[in-house]
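# Observations on the model geometry
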Amino acid sequence: MAKEVSNLEQFKDGVLGNNPVLVQLLGMCPTLAVTNSLENALVMGMAATFVVVMSNLITSTLRNLIKPHVRILIFTLTIATFVTIADLTLKAYIFEVSKKLGAFVPLIIVNCMIICRAEVVAIKKGVAKSLADAFGIGIGFTLALSILGVVREILGSGTLMNRQVLPDAFLDGHTWVIMVLPPGAFLTLGVVVGVVNHVRARGAKGGAA
Amino acid sequence: MKKFVDESWLVLVMGVVFACLLAGTQTSLEARILENQARALNEAIAEVVPVVDTMETLTVDGNTVYKCLDKEGNLAGWAVDAVGTGFVDKIRLVAGLSPDGSRVTGIKVIEDLETPGLGNKIEGEWADQYKGLDASRKIEAIKGEANRDNNEVQAITGATYSSTYVTDIVNDVIERVRPMLEEHR
């Protein structure tokens, strides 16, 4: 990224070209742990998006005041504050989902994807670009989690957003329980990352990317 | 000293600002969060005790017990809040007892992190098996067909541990609370 990129390109880069989960392979812990249903994946994605947006906003606003050797401390402080706010908000407004996500909402604090955005973009770039980047990364993260959530919920529970989508014959003892369990997360992620790499490799060969 | 202030003033200021922000959020949302938790508990109690109009909260041998009364103020049953070891993390459940303490009127798991798709079936219909079991004897979770006359429940296939842990929690809390109910009647 030697040349200045536009805000729109920065946003698109986060969603597709540099998707945090599928390309950078960052933030694997929530990716594997909470994608057993689409609902969980969406809520986790939105909570992480909120945190990365606030973290990038504050870091880029204060970027000229932050002393280099205390920057990590400031990132962590900012992220921890907004994660706590997100956690309390989920507990207050969507109690059932927040119970299912359990410890993984507070664990957004240690999601390296978020601190990575502060370090790579927000500390150097202006507010507008940092926000574009944060929304791109946040939506890219949500998108990747949702893909996993859709696959795992349909195959593992026969439902989507808690509504039955597969016939009774499948639900009656033929659901792939493994898809709901941790191995299902690894299997699905492996296949999805494989497909993404395949597509990227073909794109590179054709000179399109 | 000047160097110290120069380098750290921003961290100090941000610490104070963020602390105020968190305090504000906590204060404004706390009531709602507590209300959510209370609602989850009340719904569970309503499931395990057939009629609940009003409740009195008691502490019996370290356990919270809800004495449930019907509209006329007669004793309708007891709901006991119990926590114990689960397969993944602690399981919290509410067990209902008939007014004389002789029968289990139901159990409802309210907090657990059991394996999705297997162990977490303890949250659902599976728990209905406990309805009507004898509270004076130990309940047993067995593999295969359960005989209700022997106070047995059928363990979930693939989640024998989760089923056994729930049964242990129920047995343990009933054993400790039941003898004390008489004096609270």
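Below is a short write-up of the structure. (Residues numbered from 1 in each chain as written. Chains lettered and ligands numbered in written order. Predicted model: local features only at pLDDT ≥ 70, side-chain atom pairs only at ≥ 80, totals over all residues. Heavy atoms only, no water.)

With that settled, consider the overall build of chain B. The secondary structure content of chain B amounts to two helices and seven strands. Ordering the α and β elements of chain B from the N terminus gives α-β-β-β-β-β-β-β-α. Relative to the globule expectation of 16 Å for 185 residues, the C-alpha radius of gyration of chain B, 22 Å, shows a markedly less compact shape. With respect to the principal axes defined by its C-alpha atoms, chain B has extents near 80 × 45 × 25 Å. Residues counted as buried form 43% of the 185 residues belonging to chain B. Partitioning the intrachain contacts of chain B with sequence separation of at least 6 by distance along the chain shows that 46% fall at a separation of at least 24. Here chain B displays about 9,900 Å² of accessible surface, and carbon together with sulfur accounts for 52% of that area. (Helix = DSSP H or I, 4+ residues; strand = E, 2+ residues; numbered from the N terminus. Rg over C-alpha atoms; globule rule 2.2 N^0.38 Å. Buried < 20%, exposed > 50% of the residue type's maximum accessible area, 1.4 Å probe, protein only. Contact = heavy atoms within 4.5 Å. Areas by Shrake-Rupley, 256 points an atom, 1.4 Å probe, with all protein chains shown as cover.)

Take the pairing of strand β2 (residues 63-69) of chain B next. Residues and elements named next belong to chain B. Of all seven residues that make up β2, six are buried, and the element is covered over most of its length. As consecutive antiparallel partners, strand β1 (residues 54-60) and β2 are separated by two residues, and within that stretch D61 has a phi angle of approximately 50°, a positive value. Bridge count between β2 and strand β3 (residues 75-84): five bridges; the pairing is antiparallel. For Y66, the partnering residue across the bridge sits in β3 and is A79. Hairpin remark: β2 followed by β3, antiparallel, with five residues in the connecting loop; positive phi at G73, about 85°. (Pairing = 2+ DSSP bridges.)

Once that is clear, we can look at the environment of K108(B). All names here are of chain B. Along the chain, K108 turns up in strand β5 (residues 104-111). Sequence separation between K108 and A95 is 13 residues; the distance between their C-alpha atoms is 6.6 Å. For K108, the contacting residues outside a window of four places in its chain are A44, E47, V48, L93, V94 and E123. Among the polar contacts listed, one links the side chain of K108 to the backbone oxygen of E123, at a separation of 3.2 Å. (Polar contact = N/O pair within 3.5 Å; in protein donor to acceptor, adjacent residues only side chain to side chain.)

On to unusual backbone geometry, then. One non-glycine residue with positive phi stands out, namely N162(A), at about 65°. Mapped onto the elements of the fold, N162(A) is located in the loop between β1 (159-160) and β2 (163-164).

Attention now goes to the packing of helix α6 (residues 112-122) of chain A against helix α7 (residues 127-157) of chain A. All names here are of chain A. At a minimum axis distance of 10 Å, the contact between α6 and α7 shows a crossing angle of 155°. Of the possible angle classes, the one that applies to α6 and α7 is roughly antiparallel. Both α6 and α7 take part in a crossing whose hand is right-handed. For the pair α6 and α7, the contacting residues are M113, R117, V121 and A122 in the first and S130, D133, I137 and F141 in the second. In terms of residue class, the contact of α6 with α7 is made up of five nonpolar, one polar and two charged. (Axes fitted to C-alpha atoms, helices over the stretch in contact; angles between N-to-C directions. Parallel < 35°, antiparallel > 145°, perpendicular 65-115°, else oblique. Left-handed = near helix turned anticlockwise from the far one by under 90°. Nonpolar A, V, L, I, M, F, W, Y, C, P; charged D, E, K, R; others polar.)

Time to look at the pattern of salt bridges. Throughout the structure, instances matching the rule amount to 14 salt bridges over all chains. With a shortest N-O distance of 3.4 Å, D87(A) and K91(A) are connected by a salt bridge. Residue D87(A) and its partner K91(A) are located together in helix α4 (residues 71-93), separated by four residues, close to a single helical turn. Shared partners join several salt bridges into a network, and the residues in it are D61(B), D172(B) and R176(B). (Salt bridge = Lys/Arg side-chain N within 4 Å of Asp/Glu carboxyl O.)

Moving on: the side chain of E39(A). When you line up the elements, E39(A) lands in helix α3 (residues 38-61). Ignoring any residue separated from it by four or fewer positions in sequence, one finds E39(A) in contact with V97(A), K100(A), E153(A), M161(A) and N162(A).

Before going further, it helps to examine the packing of aromatic side chains. For the structure shown, the criterion picks out five aromatic pairs over all chains. With centroids separated by 5.9 Å and ring planes inclined at 80°, the aromatic side chains of F82(A) and F18(B) adopt a geometry described as edge-to-face. With F82(A) in helix α4 and F18(B) in helix α1 (residues 2-48), this pair bridges two chains. For the pair shown, F82(A) and F18(B) are each scored as buried. (Phe/Tyr/Trp six-rings, centres within 6.5 Å; stacked < 30°, edge-to-face > 60°.)

Keep in mind that these numbers describe shape and distance, not what the molecule does.
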